[in-house]
There are 2 protein chains.
Amino acid sequence: MKTTAEILQEAASARTPAATLTAEQKNGALLAMADALEKDAEDILSANRGDVERAKGHISDVMIDRLALDKKRIAGMAEGIRAIARLDDPVGRMLEKRVRPDGLEISRVTVPFGTVAIIYESRPNVTSDAAALCLKSGNVCVLRGGKEAYASACAIVKSMRGALARRGLPETLVNIVEDTSRRSAEELMTARGLVDLLIPRGGAGLIRACVENAKVPCIQTGTGICHIYVDKAADLSKALAIVENAKTSRPSVCNAAEVCLVHKDVAARFLPLLQKRLVGDRIAAGKTPVQLRPDGRAAEIIPGTPAGEGDFDTEFLDYILAVAVVDDVRAAAEHIARHSTGHSEAIVTEDERAAALFLSLVDSAAVYVNASTRFTDGGEFGLGCEMGISTQKLHARGPMGLRELVSYKYIIRGNGHIRV
Amino acid sequence: MKTTAEILQEAASARTPAATLTAEQKNGALLAMADALEKDAEDILSANRGDVERAKGHISDVMIDRLALDKKRIAGMAEGIRAIARLDDPVGRMLEKRVRPDGLEISRVTVPFGTVAIIYESRPNVTSDAAALCLKSGNVCVLRGGKEAYASACAIVKSMRGALARRGLPETLVNIVEDTSRRSAEELMTARGLVDLLIPRGGAGLIRACVENAKVPCIQTGTGICHIYVDKAADLSKALAIVENAKTSRPSVCNAAEVCLVHKDVAARFLPLLQKRLVGDRIAAGKTPVQLRPDGRAAEIIPGTPAGEGDFDTEFLDYILAVAVVDDVRAAAEHIARHSTGHSEAIVTEDERAAALFLSLVDSAAVYVNASTRFTDGGEFGLGCEMGISTQKLHARGPMGLRELVSYKYIIRGNGHIRV
């Protein structure tokens, strides 16, 4: 078994080769990796069956479902890699160039970070996605997945490394940590000089641990307590459609809404409609109803389990919606400032001044007017792919695509220039 | 006395007002702050005299010189603020906008970070510079200066806050930490949710402490072990001028060169010329000579104190230059990768292929061809100002101007759009 320190050293020595690959080399390697996954599907599925067997009884059915692979999911992973191959190369892009009156040329050019470590949980497709995004952006990846998915991740990495080797490229462009104990995560968080960027992908606990303990540059991703504010000037039919979509189209994801705030002037009209839409209509249609958790003011209008202390600070990731009545746009923005994770928030209103005020006051990665928070996604935003959704303000905010996986350097050309 | 926690709370409540100031409000406030510093010069000088008296005997003469103010330096601080007022507003800039085929409008707009904490040492002008840069970029600043300069910093902040109040703006846009013990620095480093960005400005120890202990987003600035590599195809007269400029024009700053690497094929010719230029000629001209510290191979050609183990990993900030002979461009790049702090490095060569290889292999914030590393500076790079020089790759690299003091958010406008 290789130690994490050894793997980080191998990754470090691949940084220069990775950074100097041409776009053609990278795209050729990506297509070869995609083909390899499909060719090696039986090996990957066999490893995955072992993971699923071992995990049964230890993790929830939802998690088992995330973990389990089939041919179709492997084809989806391969297709994901091919889509990344089709995107523009993010490395070596000239961001700006100026020539000073004295002839000194100063340009700013994109460069890879170096080694990108990704700590994640049980979804095997993160293994191939992250490896492909890092390779395309000229970065070496060090993958550290959850122990439930370790055999699957190893089989996927083995397949991708085989493809790299067949194309004459170093296998150490893609690395997986062999130690799946807590210790290896801590080693990645503190490997100054060896990890140039750490990206945790997973639940709130993992992300908090990384952000609080990392001594290497780290990007906080993911957790989303997203709000929809229904203004007094809202078109209520739009509001109903947006809240239902944001809550129920995929409740387990970070851009799903967890809280609905309603202006006091429309609460008496809107809340009964909301209850009908999310509970009665859904039951009648054979869909899972939403459990509403009204605050004190909302509870005077609609029934439901009263919202508890923590309900406005919880990422339910489930068919549960906390509901509160607020006085106006400012009060909505203040509620959001206190409770949001800075991911995505929306206002539903036909009043442009209310919309402008909300956009100005709400400090989240994505702020919406009359649209569902579910659009916060690299694909939907036109980035073509996504390494995660940053909820911090340093470097990247919102969906992180290839552009967010590179840094830049200044290149200065003179002819013997000295500073006087 | 206010606690640091109280000051951080006051700063937090000023974040929205700061972010929503117009360019006119900010520029008017900045000009008023500049005028106030000149008007209050006597108070500031009196506080500064106290600082200098208390510091004598405790800190070096160089540090005393950095600490001491006079009317001219105060005028310089005021002029610095006025220059910042003249720059473009970095907030609210549309970075990109796209309209999807379904009509959803997605734009990306610059926004302030919120609260920016700056931990620095004894230079009083950092107080006014940092406050002005933060105000212009819509950020609230929390300043935490060294205890040697505390009275000066308080007098400067008092003067600037007076100007804010006279213009009807909250004084809490500019804040200074009253506790100058180690504890307040630790509080700033760990104030998650209250400090949106931490910028340490000062010596290597301060910066390392911040980077290693910060639980808030932090930018590593400053330390520079900068290299000049003299290639075999170098124009030696350019090389001599560049090395002398990079080493001696201001040895105490981070963009000064600390190491000269010389290709083995030109070492026998170049090193005696270098010794003459940096030692003999300078003595003859009445200038401070440079102490050369040759490695084993260089010592076979020129005399000098042999370079010790740590000499290639030391930011001398003095008239000392470590010198090593290397085999070629790749060996130079490898030496730099092992010893550099990622600040600024230069190659001197007339060979475009050698230059291109050096630019590609060397991963520092600024990489030069035939120019002095001394140009790495916000003013020289055309940014108009500078909050420090980032030596990390996350968010900002090299000189940080106003553009690097803002983040962005996505603004999405729909008409009832839901994700299907």
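Now for a description of the structure that goes with this document. (Residues numbered from 1 in each chain as written. Chains lettered and ligands numbered in written order. Predicted model: local features only at pLDDT ≥ 70, side-chain atom pairs only at ≥ 80, totals over all residues. Heavy atoms only, no water.)

### Some thoughts on the pattern of salt bridges
- Using the criterion set out here, one finds 71 salt bridges over all chains in the structure.
- The partner of Asp102(B) in a salt bridge is Arg100(B), with the nearest N and O atoms 2.7 Å apart.
- Asp102(B) gets classed as partly exposed once you look at its relative accessible area, which sits at 37%.
- A relative accessible area of 13% places Arg100(B) in the buried class.
- We note a salt bridge from Lys276(B) to Asp281(B), for which the minimum N-O separation is 3.2 Å.
- Its relative accessible area of 32% is what places Asp281(B) among the partly exposed residues.
- Residues participating in the shared-partner salt-bridge network are Arg15(A), Asp196(A), Asp363(B), Lys393(B) and Arg397(B). (Salt bridge = Lys/Arg side-chain N within 4 Å of Asp/Glu carboxyl O. Buried < 20%, exposed > 50% of the residue type's maximum accessible area, 1.4 Å probe, protein only.)

### A word on helix α14 (residues 329–339) of chain B
Residues and elements named next belong to chain B.
- When we look at burial in α14, the residues that qualify are Val329, Ala332, Ala333, His335, Ile336 and His339. Within α14, the buried residues cover an arc of 160 degrees as seen down the axis, which keeps them to one side. Facing away from the buried side of α14 by more than 90 degrees, the exposed set consists of Ala337 and Arg338.
- Put simply, Asp328 is the residue that caps the front of α14, since its side-chain oxygen is 3.3 Å from the backbone nitrogen of Arg330. (Helix = DSSP H or I, 4+ residues; strand = E, 2+ residues; numbered from the N terminus. Arc of directions from axis to C-beta. Polar contact = N/O pair within 3.5 Å; in protein donor to acceptor, adjacent residues only side chain to side chain.)

### Examining empty space enclosed by the protein
All names here are of chain A.
- Evaluated as defined, the whole model comprises one cavity of 30 Å³ or more.
- As for the largest cavity, its lining consists of Tyr120, Glu121, Thr127, Gly145, Gly146, Ala149, Tyr150, Ala153 and Ile176.
- Its residues placed into classes, the lining of the largest cavity shows five nonpolar, three polar and one charged. (1 Å grid on protein atoms, 1.4 Å probe; cavity = no way out; pocket = protein on both sides within 12 Å on 5 of 7 lines; lining within 4 Å. Points joined across faces, edges and corners; volume = space filled by probe spheres on them. Nonpolar A, V, L, I, M, F, W, Y, C, P; charged D, E, K, R; others polar.)

### Overview of the interface of chain B and chain A
- Every contact between the two is made by 74 residues of chain B and, on the other side, 74 residues of chain A.
- Between chain B and chain A, a total of about 6,200 Å² is buried, with carbon and sulfur atoms accounting for 49% of that surface.
- A per-residue breakdown of the area chain B buries against chain A is headed by Leu394(B), Tyr410(B) and Arg419(B), which together make up 14% of the total.
- For the pair chain B and chain A, the interface holds twelve salt bridges.
- Ionic pairing is found between Arg419(B) and Glu380(A), a salt bridge with its closest N-O pair at 3.4 Å.
- At the junction of chain B and chain A, the tally comes to 49 residue pairs in polar contact (both at pLDDT 80 or more).
- Put simply, the parts of the chain that give the side of chain B that touches chain A at least two residues each are β1 (94–99), β2 (105–112), α10 (204–213), α11 (236–248), α15 (352–361), β12 (366–371), β14 (398–399) and β15 (406–417) of chain B.
- Broken down by element, the residue count for the side of chain B that touches chain A peaks at eleven residues, all from β15(B).
- Of the residues that constitute the side of chain B that touches chain A, the class distribution is 33 nonpolar, 20 polar and 21 charged.
- Across five bridges, the pairing between strand β15 (residues 406–417) of chain A and β12(B) is parallel. The residue of β12(B) that forms the bridge with Arg413(A) is Val369(B). (Contact = heavy atoms within 4.5 Å. Buried area = accessible area lost by both parts, 1.4 Å probe. Pairing = 2+ DSSP bridges.)

### Looking at the sheet that holds strand β3 (residues 115–119) of chain B
All names here are of chain B.
- Strand order in the open sheet formed by four strands is β5-β4-β3-β6, and the pairing between neighbours is parallel. Here the strands that pair on one side only, and so sit at the sheet edges, are β5 (174–176) and β6 (197–200). For this sheet the average axis-to-axis angle between neighbouring strands, irrespective of direction, equals 20 degrees.
- Where strand β4 (residues 140–144) and β5 come together, three bridges link them in parallel fashion. Paired with Leu143 across the two strands is Ile176, which belongs to β5.
- Those strands touched by helix α1 (residues 4–13) are β3, β4 and β5, and its axis lies near 160 degrees from that of β4.
- In this fold helix α8 (residues 150–166) packs onto β4 and β5, with an angle of close to 155 degrees to the strand it touches most, β5. (Axes fitted to C-alpha atoms, helices over the stretch in contact; angles between N-to-C directions.)

### Quick notes on the packing of aromatic side chains
- Under the definition given, this model contains six aromatic pairs over all chains.
- With a centroid separation of 4.7 Å and 45 degrees between ring planes, the pair formed by Tyr410(A) and Phe381(B) is classed as tilted. Of the two residues, Tyr410(A) is situated in strand β15 and Phe381(B) in the loop between β12 and β13 (389–390); the pairing between them involves two chains. Taken as a pair, Tyr410(A) and Phe381(B) share a single burial class, namely buried.
- Taking the ring centre of Tyr408(A) as reference, the NZ or CZ of Arg108(A) above it sits at 4.5 Å. (Phe/Tyr/Trp six-rings, centres within 6.5 Å; stacked < 30°, edge-to-face > 60°. Lys NZ or Arg CZ within 6 Å of the ring centre and 35° of its normal.)

### With respect to the pairing of strand β6 (residues 197–200) of chain A
Residues and elements named next belong to chain A.
- Residues Leu197 and Ile199 line one face of β6 and the alternating positions Leu198 and Pro200 line the opposite face, and both faces are buried.
- By the bridge criterion, four bridges tie strand β3 (residues 115–119) to β6 in an arrangement that is parallel. Bridge pairing in β6 places Ile119 opposite Pro200.

### Let's talk about helix α9 (residues 182–190) of chain B
- Among all positions in α9(B), only Ser184(B), Ala185(B), Glu187(B), Leu188(B) and Met189(B) are buried.
- Residues of α9(B) that are buried make contact with α1, β3, β4, β6 and α10 of chain B.

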